[in-house]
Amino acid sequence: RYYFDTVKLCDPSATYFDACVYGITLAGNSKNTKTKIVTYGILKDTNLDFSQDEVLYLNTDGSITNVAPSTTYKTIIGYSLGNGEIFINIQPPIEV
């Protein structure tokens, strides 16, 4: 089941619905706590260490990667602006 008020870790190596991304959050949260979710636009964090203009994907552990998955689903989440910034522009999963 999928609920609109539930935050779930995505996984592109599972089903199409598990590979769907609604938004990106940098903080892990526990039940009944609020978190900021970015669905479109610039996300800044000094831990984001990608080169400028790299396409970014959903990794199998739910993290952000610059390596496109080679099996199951490829979910583009945006691209790097460099200097700890990424532009979030989430695309639907594509079957690989």
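Residues numbered from 1 in each chain as written. Predicted model: local features only at pLDDT ≥ 70, side-chain atom pairs only at ≥ 80, totals over all residues. Heavy atoms only, no water.

1. Structural notes on the overall build of the chain
- Within the chain, the secondary structure is distributed over 1 helix and 7 strands.
- Each helix and strand of the chain, ordered N terminal to C terminal, gives the series α-β-β-β-β-β-β-β.
- Residues counted as buried form 30% of the 96 residues belonging to the chain.
- Taking the intrachain contacts of the chain between residues at least 6 apart in sequence as the baseline, contacts between residues at least 24 apart amount to 46%. (Helix = DSSP H or I, 4+ residues; strand = E, 2+ residues; numbered from the N terminus. Buried < 20%, exposed > 50% of the residue type's maximum accessible area, 1.4 Å probe, protein only. Contact = heavy atoms within 4.5 Å.)

2. Description of the nonpolar core
- One finds Val21, Ile24, Ile64, Ile77, Ile86 and Ile88 to be the most contacted residues of the largest nonpolar core, which totals 14 residues.
- Those elements that place two or more of their residues in this core are strand E2 (55–58) and strand E6 (85–89).
- In this view, Ile24 contacts Lys36, Ile37, Val38, Leu43, Ile64, Ile77 and Ile88; residues no more than four positions away in its chain are not counted. (Core = buried A, V, L, I, M, F, W, Y, C linked by side-chain atoms within 4.5 Å.)

3. A short note on the packing of aromatic side chains
- Scanning all chains against the criterion turns up 2 aromatic pairs.
- A connected cluster of aromatic rings, assembled from ring pairs, spans Tyr40, Tyr79 and Phe87. (Phe/Tyr/Trp six-rings, centres within 6.5 Å; stacked < 30°, edge-to-face > 60°.)

4. Here's the deal with the sheet that holds E2
- What the 5 strands build is an open sheet, ordered E1-E6-E5-E2-E3; its pairing is antiparallel. Bordering the open sheet on either side are strand E1 (40–44) and strand E3 (64–65), each of which pairs with just one other strand.
- The pairing of strand E5 (residues 76–82) with E6 spans 4 bridges and is antiparallel. The residue bridging Gly78 from the neighbouring strand is Ile88, located in E6. (Pairing = 2+ DSSP bridges.)

5. Some details on the pattern of salt bridges
- Applying the stated criterion to the full structure yields 1 salt bridge.
- Note that Glu85 and Lys44 form a salt bridge whose closest N and O atoms lie 3.8 Å from each other. Of this pair, Glu85 sits in strand E6 while Lys44 sits in strand E1, placing them 41 residues apart in sequence. (Salt bridge = Lys/Arg side-chain N within 4 Å of Asp/Glu carboxyl O.)

All we've got here are geometric facts, nothing functional implied.
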